[in-house]
Amino acid sequence: QVQLVESGGGLVQPGGSLRLSCAASESIFRVGLMGWYRQAPGNQRELVAIINRFGSTTYSDSVKGRFTISGDNAKKTVYLQMNSLKPEDTAVYFCYARQERPPRDSWGQGTQVTVSS
């Protein structure tokens, strides 16, 4: 089980930026894959971005070109740099870790991001 704690959420104006952090009990290298999901009220939880132990990244179409996921193995932390934020980015953002052997998903408690004028 990977313990995950998100931070960095808050209020921001449209067009602004935020950087989310996810402090993990294990490094990305040890876990294999980590990332970010988000969920707005009444909506399904959706993938935002993922990064694997080799640094390869994948983004949802809705955030591609605006968000950047990165990781620091030494600090055991995953980041999500969010630029050009839009009101539709408003959601609770959850850090995610996928362990492959044995298969297991871990989730953080979530951090609120609100984009509004």
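Residues numbered from 1 in each chain as written. Predicted model: local features only at pLDDT ≥ 70, side-chain atom pairs only at ≥ 80, totals over all residues. Heavy atoms only, no water.

A. Structural detail: the state of the cysteines. Taken as a whole and judged by the stated rule, the model has one disulfide. The disulfide bridge from Cys-22 ends at Cys-95, spanning 2.0 Å between sulfur atoms. Residues Cys-22 and Cys-95 are joined by a disulfide whose S-S torsion is about -85°; by sign, that bridge is left-handed. Linking Cys-22 in strand β3 (residues 18-24) with Cys-95 in strand β9 (residues 91-99), this pair joins segments that are 73 residues apart in sequence. (Disulfide = S-S within 2.5 Å. Helix = DSSP H or I, 4+ residues; strand = E, 2+ residues; numbered from the N terminus.)

B. Highlighting the pattern of salt bridges. Taken as a whole and assessed by the stated rule, the structure comprises six salt bridges. Residue Lys-64 is joined to Asp-61 by a salt bridge in which the shortest nitrogen-to-oxygen separation is 3.2 Å. A relative accessible area of 65% means that Asp-61 is categorised as exposed. In this structure, the salt-bridge partner of Arg-66 is Asp-89, at a minimum N-O distance of 2.8 Å. Pair noted here: Arg-66 is in the loop between β6 (57-59) and β7 (67-72) and Asp-89 is in the loop between β8 (77-82) and β9, with a separation of 23 residues, a long-range link. Each member of the pair, Arg-66 as well as Asp-89, is classed as buried. Each of Arg-38, Glu-46, Arg-66 and Asp-89 takes part in a single network of salt bridges with overlapping partners. (Salt bridge = Lys/Arg side-chain N within 4 Å of Asp/Glu carboxyl O. Buried < 20%, exposed > 50% of the residue type's maximum accessible area, 1.4 Å probe, protein only.)

C. Layout of the nonpolar core. Counting 28 residues, the largest nonpolar core has Met-34, Trp-36, Leu-80, Met-82 and Tyr-93 as its most contacted members. Of all the secondary structure elements, the ones that give two or more residues to this core are β3, α1 (28-31), β4 (32-39), β5 (46-52), β7, β8, β9 and β11 (111-115). Those residues in contact with Tyr-93 that lie beyond four places of it in its chain are Glu-6, Leu-20, Trp-36, Tyr-37, Arg-38, Val-48, Phe-67, Leu-80, Met-82, Gly-110, Thr-111 and Val-113. (Core = buried A, V, L, I, M, F, W, Y, C linked by side-chain atoms within 4.5 Å. Contact = heavy atoms within 4.5 Å.)

D. Structural context of unusual backbone geometry. Omega for the peptide link from Arg-101 to Pro-102 comes to -5°, which places this bond in the cis form. In this structure, Lys-76 takes a positive phi of about 55° despite not being glycine. Note on placement: Lys-76 falls in the loop between β7 and β8. Phi is positive for Ser-84, close to 50°, though the residue is something other than glycine.

E. The arrangement of the packing of aromatic side chains in detail. Counted by the stated rule, this structure contains three aromatic pairs. Centroid distance Tyr-37 to Trp-107: 5.0 Å. Interplanar angle 70°. Geometry classified as edge-to-face. Linking Tyr-37 in strand β4 with Trp-107 in strand β10 (residues 104-107), this pair joins segments that are 70 residues apart in sequence. Ring centres of Tyr-96 and Trp-107 lie 4.9 Å apart, and the angle between their planes is 45°; on these two criteria the pair is classed as tilted. One end of the pair, Tyr-96, is in strand β9; the other, Trp-107, is in strand β10, and eleven residues separate them in sequence. You can call Trp-107 partly exposed: its relative accessible area is 35%. Three or more aromatic residues joined by ring pairs make a cluster, and in this case those are Tyr-37, Tyr-96 and Trp-107. A cation over a ring is seen here: Arg-45 above Phe-94, with NZ or CZ 3.8 Å from the ring centre. Lying across the ring of Phe-29, Arg-53 places its NZ or CZ 5.6 Å from the centre. (Phe/Tyr/Trp six-rings, centres within 6.5 Å; stacked < 30°, edge-to-face > 60°. Lys NZ or Arg CZ within 6 Å of the ring centre and 35° of its normal.)

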